[in-house]
There are 2 protein chains.
Amino acid sequence: MNFPSKLIENAVEELAKLPGVGKKTALRLVLHLLKAETEDTKQLSEALVRMRTGIRYCKTCHNISDMEVCGICSNPLRDRSLLCVVSDMRDVIAIENTAQYKGVYHVLGGVISPLEGVGPSDLHIQSLVERLPSSGVKEIILALSPTMEGDTTAFYLTRKLKEYPARISSIARGVPVGGELEYTDEITLGRSILDRTAYSQI
Amino acid sequence: MNFPSKLIENAVEELAKLPGVGKKTALRLVLHLLKAETEDTKQLSEALVRMRTGIRYCKTCHNISDMEVCGICSNPLRDRSLLCVVSDMRDVIAIENTAQYKGVYHVLGGVISPLEGVGPSDLHIQSLVERLPSSGVKEIILALSPTMEGDTTAFYLTRKLKEYPARISSIARGVPVGGELEYTDEITLGRSILDRTAYSQI
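Residues numbered from 1 in each chain as written. Chains lettered and ligands numbered in written order. Predicted model: local features only at pLDDT ≥ 70, side-chain atom pairs only at ≥ 80, totals over all residues. Heavy atoms only, no water.

Looking at an unreviewed UniProt entry, chain A carries the name Recombination protein RecR, with the source organism given as Rufibacter tibetensis. In the Function (unreviewed entry) part of its UniProt record, chain A is described as follows: "May play a role in DNA repair. It seems to be involved in an RecBC-independent recombinational process of DNA repair. It may act with RecF and RecO." Here chain A is described in UniProt, under the heading Sequence similarities (unreviewed entry), as follows: "Belongs to the RecR family." (UniProt positions renumbered as here; feature names shortened; annotations may be inferred.)

Caption draft 1: Representation of the overall build of chain A. Looking only at helices and strands, one finds seven helices and six strands in chain A. For 202 residues, the compact-globule estimate of 2.2 N^0.38 gives 17 Å, and the C-alpha radius of gyration of chain A, at 22 Å, exceeds that figure by more than 25%. Across its three principal directions, the C-alpha atoms of chain A cover 75 × 45 × 35 Å. For chain A, the proportion of its 202 residues judged to be buried stands at 40%. Considering only intrachain contacts with a sequence separation of at least 6, the fraction spanning at least 24 residues in chain A is 48%. Accessible area of chain A: about 11900 Å², with a carbon and sulfur share of 54%. Averaged over its 24 positive side-chain charges, chain A has a centre that lies 4 Å from the centre of its 25 negative ones. (Helix = DSSP H or I, 4+ residues; strand = E, 2+ residues; numbered from the N terminus. Rg over C-alpha atoms; globule rule 2.2 N^0.38 Å. Buried < 20%, exposed > 50% of the residue type's maximum accessible area, 1.4 Å probe, protein only. Contact = heavy atoms within 4.5 Å. Areas by Shrake-Rupley, 256 points an atom, 1.4 Å probe, with all protein chains shown as cover. Lys, Arg positive; Asp, Glu negative; His and termini not counted. Charge placed at Lys NZ, Arg CZ, Asp CG, Glu CD.)

Caption draft 2: Representation of the UniProt feature "domain: Toprim" (unreviewed entry) in chain A. UniProt's entry tags residues 81–176 of chain A with the feature "domain: Toprim" (unreviewed entry), counted in the numbering of this structure. This span, residues 81–176 of chain A, is 30% helix and 20% strand, and a straight line between its end C-alpha atoms measures 28 Å.

Caption draft 3: Expanded view of the sheet that holds strand β3 (residues 79–86) of chain B. Residues and elements named next belong to chain B. Overall, parallel pairing links the four strands, which are arranged β4-β3-β5-β6 in an open sheet. The open sheet has two edge strands, β4 (103–107) and β6 (167–170), and neither has a second partner. The sheet shows a mean angle of 25 degrees between the axes of neighbouring strands, taken without regard to direction. Pairing geometry for strand β5 (residues 139–142) and β6, over four bridges, is parallel. By the bridge assignment, E139 is partnered in β6 with R167. (Pairing = 2+ DSSP bridges. Axes fitted to C-alpha atoms, helices over the stretch in contact; angles between N-to-C directions.)

Caption draft 4: Highlighting the UniProt feature "zinc finger region: C4-type" (unreviewed entry) in chain A. UniProt records the feature "zinc finger region: C4-type" (unreviewed entry) for residues 58–73 of chain A in the present numbering. Helix makes up 0% of residues 58–73 of chain A and strand makes up 12%, while its end C-alpha atoms are separated by 8 Å.

Caption draft 5: Examining unusual backbone geometry more closely. Residue and element names in this part refer to chain A. The phi dihedral of A99 falls on the positive side, at around 60 degrees, and the residue is not glycine. Within the secondary structure, A99 sits in the loop between α4 (89–98) and β4 (103–107). Classification of A99 as exposed rests on a relative accessible area of 53%.

Caption draft 6: Representation of a negative patch on the surface in the model. Taken together, the side chains of E37, E39, D40 and E46 of chain A present a region of like negative charge at the surface. With respect to the helices and strands, E46 of chain A occurs in helix α3 (residues 38–54). (Patch = residues over 30% accessible without salt bridge, like charges linked within 9 Å, V, L, I, M, F, W, Y side chains within 5 Å. Salt bridge = Lys/Arg side-chain N within 4 Å of Asp/Glu carboxyl O.)

Caption draft 7: A look at the relation of the copies chain A and chain B. Superposition of chain A onto chain B requires a rotation of 180 degrees combined with a translation of 0.0 Å along the rotation axis, giving an RMSD of 0.1 Å. Read as a symmetry element, the transformation amounts to a two-fold axis. Scanning chain A for the C-alpha nearest the rotation axis identifies S45 of chain A, at a separation of 2.3 Å. The overlap is high: 100% of the interface residues of chain A also sit at the interface in chain B, so the same surface is used on both sides. (Least-squares fit on C-alpha atoms with pLDDT ≥ 70 in both.)

Caption draft 8: Spotlight on the domain arrangement of chain A. The assigned domain composition of chain A is domain 1 (6–53), domain 2 (80–171) and domain 3 (172–202). The straight-line distance from the C-alpha centre of domain 2 of chain A to that of domain 3 of chain A is 23 Å. (Domains from an automatic or database assignment.)

Right, here's the structure in full:
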């Protein structure tokens, strides 16, 4: 693409570095900013720089936070006997939005992926092991995506944590609520039968 | 969505104001920036602000430019007898990329759209009328999108420009190169028959 202006070209190239943003999309965004007020662009830029330079990570759970300890870890109403291990911040947001979980979290910062060069030492696994003894955690819920990498990480964690006296569980895999049986893939449907839940204890 | 940090929330909200970017996409972009270097975010922000505050419009053709007169208008090799009227900068880039056009441009800055409250006075139509007498233009090519708004604008322009002694043409409508006849919509196919081009003059 030939741009009529170096300034536009620069802005497009910087935007196109973002994931899922190609040059055409970047140009559309640039034209939108040009039509909007100058103040809008300044606000966007400042929000991004403030976010990038001001962000901190909770020293306990490694979730993103504005303070040294995040709002969940410092909340006295959260159940400290329940620990949910997730891959990244988005998973915390997703689980928090369900309003079904009242425990605390541990954010690994990714999953083990030899193809992308991510090994156990690149994740916050050591700090999880060190955190547990004084934590009073009775159950560790592994809430990792049901992918090859997620399953590998879960397997690694169960071995790594087997000395610690807590129940280790995984979030349930099965047919999504509102999902049609006939359109569910065989592996999920198979697992939903194996992991069936009882209506009554009889 | 509940965000663990005000800084993240601000950045997500600012990004989600961009067209085609929802909160989930914005969060993905924010997480990408957090994983990348701080310098990358600063570069992106600076490029956007520099672009927004430094941009100028060519005083002749209203195309975006770094200088008072854009590179196309000031290029002595361009054919000043050919003037192509387009809706916005993207169209100029698209036509320039074909390398088939050597004339100059006039950027309207949009098309007439009563639904969006855009009338002829909101576009650079008056400056087009004023520009023509001293321009030496012999042919005006209307390169507007074949939509209701584009056709309305083209119709308005042909009436507005009928006193000026130049040929007024439109870019060809027809079956796209590489397109299959049977999958072409009837209106396009119908026009491609009406506007057929001769192989020879006999």
